[in-house]
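For reference, the chains in residue letters:
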Amino acid sequence: MRTRFNRFSGAAAAAVVVAIFALTSIYTTGQATRTPRAADGKPNLNGIWQVTNTANWDLLPHTIRPAVAQPGVYANHPVLAAPVLALGAAGLVPPGPGVVEGDQIPYKPEAAAQKKENAEHWLDRDPEVRCYMPGIPRAMYMPYPFQITQSTNKIQMVFAYANASRTIYLDAAPAVPADLWMGRSTGHWEGNTLVVDVAHFNDRTWFSRSGDFHSDALHVVERFTPITPDALRYEVTIEDPNVFTRPWKMKMVLYRQLDDNAALMDYRCLELVEETFLGHTRKEPLVKHWEGETIMLDVTRRIPPGDKRYER
Amino acid sequence: MNTRARFLTWLVPLTAATIVAAALDGGTAAGQGSGQAAAARSASRSPRTAWGTPDLQGIWSNNILVPLERPREFGTRAVMTREEHAKALAELQARNQRPGRDSREVGGKPAIGTEKDVARAYNEFWFGDKPTQLGMRTSMITDPADGRIPPFTPEAAKRIADKREYLAALLQGTSGGRPGPISPRRAEPSTDYNLDRMNRADGPEDRGGPERCFGGELPVVMGTGTFGGVMQLVQAPDSVSIYYDVGQGSGFAWVIPITNRPHLSKNVQLYRGDAIGHWEGDTLVVDVTNFSDETNFHGSRANLHLIQRFKRVDANTLSVEFTAEDPTTWTRPWTAVQELQKSDDKTTLVLEGGCHEGNYGLLGMLLNTRAADQAFREGKGPDPATQDNATGGGDN
């Protein structure tokens, strides 16, 4: 720095220094600055994480398809149906190679029928659509971020979606007075792997938008293993003798958000789902065609002027 | 919790803050050891985390009653005398012995089955565990010197008076309102983003914030007794994660990043704001901005600016301070301090909220009102506009 300048140029120089500093400074949450180990020598899981897969839509291998479908011209090529018709390309299920080991969920026969029916009534039944707590493991692979706060005796995970959260108890297993949406998690370290046992669930959560469900006998074992400082292998074993013929496994990767301005912002769906689920109770309904508790949709899609040129 | 959530969804918006306010009614509640005295206790005794920062972790609750605002009789005295404390404690104990809500009457008759009884919703069972300890401090508020929330700005006073008049208009001509014809203002939207209990249920927006499971506003002022709430704090070098089990099932998670990133863009409004924490010596200082108009902290809406300070005073005490600032609401900032006590965090499970998941009450209130509308149209019931479904709670 120069040591002699008048007030004006001094202020200008200071402004330039500030500007340069602002451009080059790394925020302390800047995820690149993180150490791979926590103070107690365990892998450092702190940060904001998110999957990049499509498990929340469908756990099994699947191709692109309408989120809500109606029969099209060809039996195996359904087209977008009213609730998502106007959404076009935004109303489609993204394709995915699947996250289930062996590409099969071992439903008991009656449970398989239930899953199929659930999928057909997805919008009416999926607790996600209602902004309910997603349960475990679904919370881990919803397409929204979550933050891990890792201490030595507890690990807290807070999910953007619906402000859901979970505590993983590492040194205790407090008694559970009632079934829980998110279950009770107890964990321990096996080398570099965090192993979490989750039980005491209610039977209200799902695994995906494709109708995969469980009973209150659900027992989940999760394994979190760092594969790089910014990626975790996430393996889940699902056990529920009321619904499945045997335990089954999912496997996927969780990625750390590396953006300088990464922030966990609540996906506050609470009040935004009121119109969907309470709209029929309004004195003056905003949706004009209610039949009892059924929304009768008139989907309006105006053809853009640009397109019209080519339709003459 | 499901069980609690089902009850929650009735009409009484009993948040921790209102419990504290209720404790003020008698003008006898008081406080614990002074903030200064607490700060003077040796900080060296306070535990440290494995990475060297003060350890704020644990499950914390407020077992000692201190009113938010100071009863005027104490003037600028922050701590009461032993005699005053003995007298106030005796009054608190006497109040705890009084017959509760179930025995209350309306107009000299048992309340059961009346409009007010329906709106009141909770019976005495839900008020079972009353605060029994009384602090020496005369108020949580430490600044200004009179221990009271500063006056509203003229702008805020008008905004709040306008809303109060609107709420009064909706009650006009009912058993709980002033005399007069049914007000044409029933057809008007609320003067603000409504969070109050108003005498109309045309849609979900007409119901109070707690009835819609909004709950859990910042800053949390912990109450005492059954509805007092607990908080669980888990700490890492780059974040502090708090779960507040408050407001009867309106529990919520609050993650405070320890970071030097700037606040989010001013255009971004969040129900619980944008929190950024940093350490000042042994104190975790959290700056919270970017609130939305969907919260109402003593009259402050989207322009609230909070500075919270968390400090471990000793092994069993966590001092939680907030300074609330909003030049569009108050004539000056104000500060309050709570001292929370530690619970056993190995046997205590802090329960998930579940208010929204069990909120059949909101649906029920709206459906019932539609049924009442229909009955009126068919000549089978009174005009719902003439009924009071708003004032039954609290001490009525």
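All figures in this text were calculated on a predicted structure; none of them were measured in a lab.

Rules of the game
- Residues numbered from 1 in each chain as written.
- Chains lettered and ligands numbered in written order.
- Predicted model: local features only at pLDDT ≥ 70, side-chain atom pairs only at ≥ 80, totals over all residues.
- Helix = DSSP H or I, 4+ residues; strand = E, 2+ residues; numbered from the N terminus.
- Buried ≥ 20, exposed ≤ 12 C-beta atoms within 10 Å, placed from the backbone.
- Contact = placed C-beta atoms within 7 Å.
- Domains from an automatic or database assignment.
- Core = buried A, V, L, I, M, F, W, Y, C linked by C-beta atoms within 7 Å.
- Nonpolar A, V, L, I, M, F, W, Y, C, P; charged D, E, K, R; others polar.
- Pairing = 2+ DSSP bridges.

Focus on the overall build of chain B
Line of reasoning, step 1. In terms of regular secondary structure, chain B is built from seven helices and 14 strands.
Line of reasoning, step 2. For chain B, the residues scored as buried account for 44% of the 396 residues in total.
Line of reasoning, step 3. When contacts within chain B are restricted to residue pairs at least 6 apart in sequence, those whose partners lie at least 24 apart make up 69%.

A short note on the overall build of chain A
Line of reasoning, step 1. In terms of regular secondary structure, chain A is built from six helices and 15 strands.
Line of reasoning, step 2. Going through the 312 residues of chain A one by one, you find that 32% of them count as buried.

Thoughts on the domain arrangement of chain A
The parts lose accessible area when they come together, and the size of an interface is often stated as this lost area.
Line of reasoning, step 1. Domain annotation for chain A reports domain 1 (47–61 + 96–256) and domain 2 (274–309).
Line of reasoning, step 2. Spacing between the C-alpha centres of domain 1 of chain A and domain 2 of chain A amounts to 34 Å.

Quick look at the nonpolar core
Line of reasoning, step 1. Core analysis: the largest hydrophobic core is formed by 111 residues, its most contacted members being Phe159(A) and Tyr244(B).
Line of reasoning, step 2. Sort the elements by how many residues they give to this core and strand S9 (residues 252–257) of chain B lands first, with five residues.
Line of reasoning, step 3. Ignoring sequence-local partners within four residues, the contact set of Tyr244(B) consists of Gly216(B), Val220(B), Gly229(B), Met231(B), Gly251(B), Phe252(B) and Trp254(B).
Line of reasoning, step 4. The next biggest cluster of nonpolar side chains, apart from the first, holds seven residues, and it includes Leu167(B), Leu171(B), Met198(B) and Ala390(B).

As for the interface of chain A and chain B
Line of reasoning, step 1. If you look at the interface, chain A gives 44 residues, while chain B gives 48 residues.
Line of reasoning, step 2. Broken down by secondary-structure element, the contributors of at least two residues to the side of chain A that touches chain B are strand S6 (146–150), strand S7 (154–159), strand S8 (165–169) and helix H5 (274–278) of chain A.
Line of reasoning, step 3. Each residue belonging to the side of chain A that touches chain B can be placed in one class, and the counts come to 19 nonpolar, 14 polar and 11 charged.

Some remarks on the pairing of strand S7 (residues 230–236) of chain B
In summary, the side chains of a regular strand alternate between the two faces of the sheet.
All names here are of chain B.
Line of reasoning, step 1. S7 sits mainly inside the fold: seven of its seven residues count as buried.
Line of reasoning, step 2. The alternating pattern of S7 places Val230, Gln232, Val234 and Ala236 and Met231, Leu233 and Gln235 on opposite faces, both of which are buried.
Line of reasoning, step 3. Here four bridges tie strand S1 (residues 58–61) to S7, and the two strands are oriented antiparallel to one another. Bridging across to S7, serine 61 finds its partner in valine 230.
Line of reasoning, step 4. In this sheet, strand S8 (residues 239–245) lies alongside S7 in antiparallel orientation, the contact comprising seven bridges. The residue of S8 that forms the bridge with alanine 236 is serine 239.
Line of reasoning, step 5. The antiparallel pairing of S7 with S8 creates a hairpin that spans two residues between the two strands.

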